[in-house]
Number of protein chains: 2
Amino acid sequence: MPSPAVDGQKRGYVIPIGGAEEKIDNPEILSKFVELAGGREAKICVIPTASRLEDTGSRYETLFRDLGAGQADSLPIAERSDAQDETHLDIIENATAIFITGGNQLRLSTILGGTPVAKAIRQANARGAHVGGTSAGAAIISQHMIAGGNVGIVPTEDGVNLAPGMGLINTVVVDQHFNERNRLARLLSAVSYNPFLVGVGLDENTAAFIDEDNIFTVVGSGAITVVDPSDIEYSSMAEARRGEALTLLNLKVHILASGARYDISNRIAHID
Amino acid sequence: MPSPAVDGQKRGYVIPIGGAEEKIDNPEILSKFVELAGGREAKICVIPTASRLEDTGSRYETLFRDLGAGQADSLPIAERSDAQDETHLDIIENATAIFITGGNQLRLSTILGGTPVAKAIRQANARGAHVGGTSAGAAIISQHMIAGGNVGIVPTEDGVNLAPGMGLINTVVVDQHFNERNRLARLLSAVSYNPFLVGVGLDENTAAFIDEDNIFTVVGSGAITVVDPSDIEYSSMAEARRGEALTLLNLKVHILASGARYDISNRIAHID
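Below is a summary of the structure that appears in this document. Positions within a chain are numbered from 1, following the residues in the order the chain's sequence is written. As a convention, the first chain written is A and the first ligand written is 1, with the rest following in written order. Since the coordinates come from a predicted model, pLDDT governs what is reported: local features require at least 70, and pairs of side-chain atoms require 80 or more to be given and counted, while whole-chain, interface and lining totals use all residues. Working from all heavy atoms in the structure, the side-chain values ignore hydrogens and water.

**Thoughts on the overall build of chain A**
For step 1, the next point in the chain: A run of H or I in DSSP becomes a helix once it reaches four residues, and a run of E becomes a strand once it reaches two; helices and strands are each numbered from the N terminus. Helices and strands together make up the secondary structure of chain A, namely 7 helices and 16 strands.
For step 2, the next point in the chain: For a compact globule of 272 residues, the expected C-alpha radius of gyration is about 19 Å, and chain A comes in at 18 Å, within 12% of that figure.
For step 3, the next point in the chain: In terms of overall dimensions, chain A has C-alpha extents of about 50 × 40 × 40 Å along its principal axes.
For step 4, the next point in the chain: Only protein chains enter the accessibility calculation, which uses a 1.4 Å probe. A residue is then buried if its area is under 20% of the maximum for its type, exposed if over 50%, and partly exposed in between. When each of the 272 residues of chain A is scored for burial, the buried share is 58%.
For step 5, the next point in the chain: Contacts spanning at least 24 positions in sequence make up 74% of the contacts within chain A whose residues lie at least 6 apart.
For step 6, the next point in the chain: Surface accessibility follows the Shrake-Rupley procedure with a 1.4 Å probe radius. Residue values consider only the protein chains on display as shielding. Total accessible area computed for chain A in this model is approximately 10400 Å², and 45% of it derives from carbon and sulfur atoms.
For step 7, the next point in the chain: Placing the 22 positive and 34 negative side-chain charges of chain A at their respective mean positions leaves the two points 2 Å apart. Atoms counted for the radius of gyration: C-alpha only. Globule rule: 2.2 Å times residue count to the power 0.38. The contact rule is simple, with two residues in contact once any of their heavy atoms fall within 4.5 Å. Charged residues are defined narrowly, with Lys and Arg counted positive, Asp and Glu counted negative, and His plus the chain ends left uncounted. Charged side chains are reduced to one point each, which is NZ for Lys, CZ for Arg, CG for Asp and CD for Glu.

Shown next as structure tokens:
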């Protein structure tokens, strides 16, 4: 669950990104992230844990500095013992924004789950620090995380594997590389398990900037597909056999391109 | 447009099939087609024009006879002049059911479009003959036919190529191999051009048996995805540039597995 808000302070933005965000030519998502973080005053902390590449953290340090961030530090957290380190916790506590890189979301959940670093990230967000994540880093942000699942359109009873995520947001399940990897089936499977969830499918180079009121704005070149199961009239999920196509009546779907907005709490889409 | 109903006679079923229907092990779609056609009394006419394979027509003749059809004749229509042939027209006029095979739907529209054979098929359906088609043969059935388009989820202004079809049904646009080839993007593009259309995406080995009241029942192992844009609140279709992701607010979507029903005229899904 999200940490409770700190008295008199607004929660920071939560910013899932669908992966493959533009880094050089027109890096509008990363630029907006640096701007929100404070620009020259920014202290950005990079969590490269999802990646097995040595240079992922230093690459984002350089990117953020090139985009005008005053400070950007990557924390070398590669195993659970690293996620207790006091120096790391100090940096997170003082950060204006935290960025979680891509890689494998099960590395994030298995290495960070239940550690002081995970708690510090939630507390930082509650006091106003912004938390962004791309690809695996976007998946880990929500309470219920998609760890894997089937490709395609039509959902099945066994079409998605959910795992507990970091819990910065609760009522949303996020998927990434959405259009590029044809992931509607697994998102539909996830929301039809329990219609309290809203499904948010992020295309590559596309981000949801979720503000403290749980309203997000779409930034980037792709779309965000929102699947709202709240008016669902019938689902065969509980009766279906493994692998069998499901019947789901009355799903609401929105396709949201750059500039469109979605109110997660009230489940309303806007274009202004 | 469909031919007007003949006095005192019901229109025959219209049966689009999503391709790759099971032919040997559990051919429930083809069996139901033969049963509707009259079983021992059936006179089934096969239109193999979409296919470039020599044996497509004779293969279906054998299949239908093996499933108990009294008579099954394939019409060798391979060019426009064949579609004037009086012998062919006689067979269509006397058929209890007509089956259009798969292949390339642009062969069907370019060879049959505007010919006496196309007109005879519409008239046969109006007097009560059932018309089924698989894959390309399903596409050609509706007034507005998907000839091609983009793979994926997110629609674009140029995401689909429509062509005039045979017009047995009017307010529906059909797509096939739907889950298998990830065709939601092109179906969404089609229905967002003009929301009078309902999008019907048929998985392989899955058919919509559409009765004379425009209510269909799902038969087969996959699902039918229905996209109903009638409550759409906003679409950026008219303003979007080529290739740009669209914003579409408030689409209604149903996923319908075997046995589920959909009332096309009233746009209501049922499970009974």
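**Comments concerning the side chain of Asn182(A)**
For step 1, the next point in the chain: As for its placement among the helices and strands, Asn182(A) is situated in the loop between strand E8 (172-175) and helix H7 (184-193).
For step 2, the next point in the chain: Residue Asn182(A) is classed as buried on the basis of its relative accessible area of 9%.
For step 3, the next point in the chain: For Asn182(A), the contacting residues outside a window of four places in its chain are Val151(A), Gly152(A), His177(A), Val151(B), Gly152(B), Ile153(B) and Asn182(B).

**Here's the deal with unusual backbone geometry**
Residues and elements named next belong to chain A.
For step 1, the next point in the chain: For His177, which is not glycine, the phi torsion reads 45° and is therefore positive.
For step 2, the next point in the chain: Position of His177 relative to the elements: it lies in the loop between E8 and H7.
For step 3, the next point in the chain: With relative accessibility at 7%, the residue His177 sits in the buried group.
For step 4, the next point in the chain: Here the phi dihedral of Asn205 falls at roughly 50°; this positive angle occurs in a residue that is not glycine.
For step 5, the next point in the chain: Relative to the assigned elements, Asn205 resides in the loop between strand E9 (198-202) and strand E10 (206-210).

**Focus: the side chain of Thr115(A)**
Residues and elements named next belong to chain A.
For step 1, the next point in the chain: Here Thr115 is to be found in the loop between helix H4 (105-112) and helix H5 (116-127).
For step 2, the next point in the chain: The class for Thr115 is buried, based on a relative accessible area of 3%.
For step 3, the next point in the chain: Apart from residues no more than four positions distant in its own chain, Thr115 is found in contact with Arg80 and Ala83.

**Observations concerning the interface of chain B and chain A**
For step 1, the next point in the chain: Each partner contributes residues to the interface: chain B has 34 residues there, and chain A has 34 residues.
For step 2, the next point in the chain: Summed over both partners, the accessible area lost on bringing two parts together, with a 1.4 Å probe, is the buried area. Of the roughly 2600 Å² buried where chain B meets chain A, counting both sides, 64% is carbon and sulfur surface.
For step 3, the next point in the chain: Salt bridge, as applied in this entry: a Lys or Arg side-chain nitrogen positioned within 4 Å of an Asp or Glu carboxyl oxygen. Viewed at the interface, chain A and chain B are joined by 0 salt bridges.
For step 4, the next point in the chain: Whenever two N or O atoms come within 3.5 Å, that pair is a polar contact, provided that in protein one can donate a hydrogen and the other can accept it, and provided that, for residues adjacent in sequence, both atoms are side-chain atoms. There are 12 residue pairs in polar contact (both at pLDDT 80 or more) connecting chain B and chain A.
For step 5, the next point in the chain: When residues of the side of chain B that touches chain A are traced back to their parent elements, those giving at least two are helix H7 (184-193), strand E12 (223-228), strand E14 (248-257) and strand E16 (268-270) of chain B.
For step 6, the next point in the chain: Looking at the side of chain B that touches chain A element by element, the count peaks at 10 residues for E14(B).
For step 7, the next point in the chain: Lys, Arg, Asp and Glu make up the charged group, whereas Ala, Val, Leu, Ile, Met, Phe, Trp, Tyr, Cys and Pro make up the nonpolar group; the residues left over, Gly among them, are polar. Here the residues of the side of chain B that touches chain A are counted per class, giving 21 nonpolar, 10 polar and 3 charged.
For step 8, the next point in the chain: Looking at chain direction, strand E14 (residues 248-257) of chain A and E14(B) are connected through 5 bridges and run antiparallel. Note that in E14(B) the partner of Val253(A) across the bridge is Leu251(B). When DSSP locates at least two bridges between a pair of strands, those strands are taken to pair.

**Comments concerning the relation of the copies chain B and chain A**
For step 1, the next point in the chain: Copies overlap after least-squares fitting; the atoms used are the C-alpha atoms of residues with pLDDT of at least 70 in both. You can overlay chain B on chain A at an RMSD of 0.0 Å; the transform is a turn of 180° with a shift of 0.0 Å along its axis. With respect to symmetry, the two chain copies, as superposed, fit the operation of a two-fold axis. The position closest to the rotation axis in chain B is occupied by the C-alpha of Lys252(B), lying 2.5 Å away.
For step 2, the next point in the chain: Looking at chain B, 100% of its interface residues are interface residues in chain A too, so the copies touch through the same face.

**Structural notes on the pairing of strand E2 (residues 43-47) of chain B**
Residue and element names in this part refer to chain B.
For step 1, the next point in the chain: By the criterion of burial, E2 is predominantly enclosed, with 4 of the 5 residues buried.
For step 2, the next point in the chain: Sheet topology note: the E2/strand E3 (residues 71-74) ladder contains 4 bridges and is parallel. Within E3, the residue paired with Lys43 across the bridge is Gln71.
For step 3, the next point in the chain: Read as a crossover between parallel neighbours, the route from E2 over helix H2 (residues 56-66) to E3 is right-handed. A crossover counts as right-handed when, viewed with the strands pointing away from the observer, the path leading from the first strand over the helix to the second turns clockwise.

**Re the pattern of salt bridges**
For step 1, the next point in the chain: Overall, the coordinates contain 16 salt bridges over all chains when judged by the stated rule.
For step 2, the next point in the chain: Lys10(A) is the partner of Glu212(A) in a salt bridge, and the nearest nitrogen-oxygen pair spans 3.6 Å. In this pair, Glu212(A) is assigned in the loop between E10 and strand E11 (215-220) and Lys10(A) in the segment before strand E1 (14-17), connecting sequence segments 202 residues apart.
For step 3, the next point in the chain: Between Asp175(B) and Arg186(B) there is a salt bridge, with the nearest N and O atoms lying 2.7 Å from each other. Here Asp175(B) is found in strand E8 (residues 172-175), whereas its partner Arg186(B) is found in helix H7, with 11 residues between them in sequence. Each member of the pair, Asp175(B) as well as Arg186(B), is classed as buried.
For step 4, the next point in the chain: One network of salt bridges, in which partners are shared, links Asp175(A), Arg183(A) and Arg186(A).

**Side note on the packing of helix H1 (residues 28-37) of chain A against helix H2 (residues 56-66) of chain A**
Residues and elements named next belong to chain A.
For step 1, the next point in the chain: The geometry of H1 relative to H2 is characterised by a closest axis approach of 10 Å and an angle of 75° between their N-to-C directions. Between H1 and H2, the angle is such that the two are roughly perpendicular. Here Leu30, Phe33 and Val34 of H1 come into contact with H2, specifically with Tyr60, Leu63 and Phe64. To define axes, lines are fitted to C-alpha atoms, for helices over the stretch in contact only, and angles between the resulting N-to-C directions are given on a 0 to 180 degree scale. Orientation labels follow simple angle bins: below 35 degrees gives roughly parallel, above 145 gives roughly antiparallel, 65 to 115 gives roughly perpendicular, and whatever is left gives oblique.

**Remarks on helix H4 (residues 105-112) of chain B**
In an α-helix there are 3.6 residues to a turn, and that puts residues three or four apart on one side.
Residue and element names in this part refer to chain B.
For step 1, the next point in the chain: Of all 8 residues in H4, 6 are buried; the element is thus mostly enclosed.
For step 2, the next point in the chain: Here H4 has its buried residues at Gln105, Arg107, Leu108, Ser109, Ile111 and Leu112.
For step 3, the next point in the chain: Directly beyond the C-terminal end of H4, a positive phi value near 75° is found at Gly114.

**So, the packing of helix H3 (residues 86-94) of chain A against H5(A)**
Helices that pack against each other are described as a pair by the angle of their axes relative to one another and the distance between those axes.
Residue and element names in this part refer to chain A.
For step 1, the next point in the chain: For the pair H3 and H5, the least separation of the axes is 9 Å and the interaxial angle reads 15°. For the element pair H3 / H5, the angle class is roughly parallel. As H3 packs across H5, the resulting crossing turns out to be right-handed. Between H3, through Leu89, Ile92, Glu93 and Asn94, and H5, the contact on the second element is made entirely by Pro116, Val117, Ala120, Ile121, Ala124 and Arg127.
For step 2, the next point in the chain: By residue class, the composition of the contact of H3 with H5 is 7 nonpolar, 1 polar and 2 charged. Each crossing gets its handedness from the near helix: less than a right angle anticlockwise from the far helix is left-handed, clockwise is right-handed.

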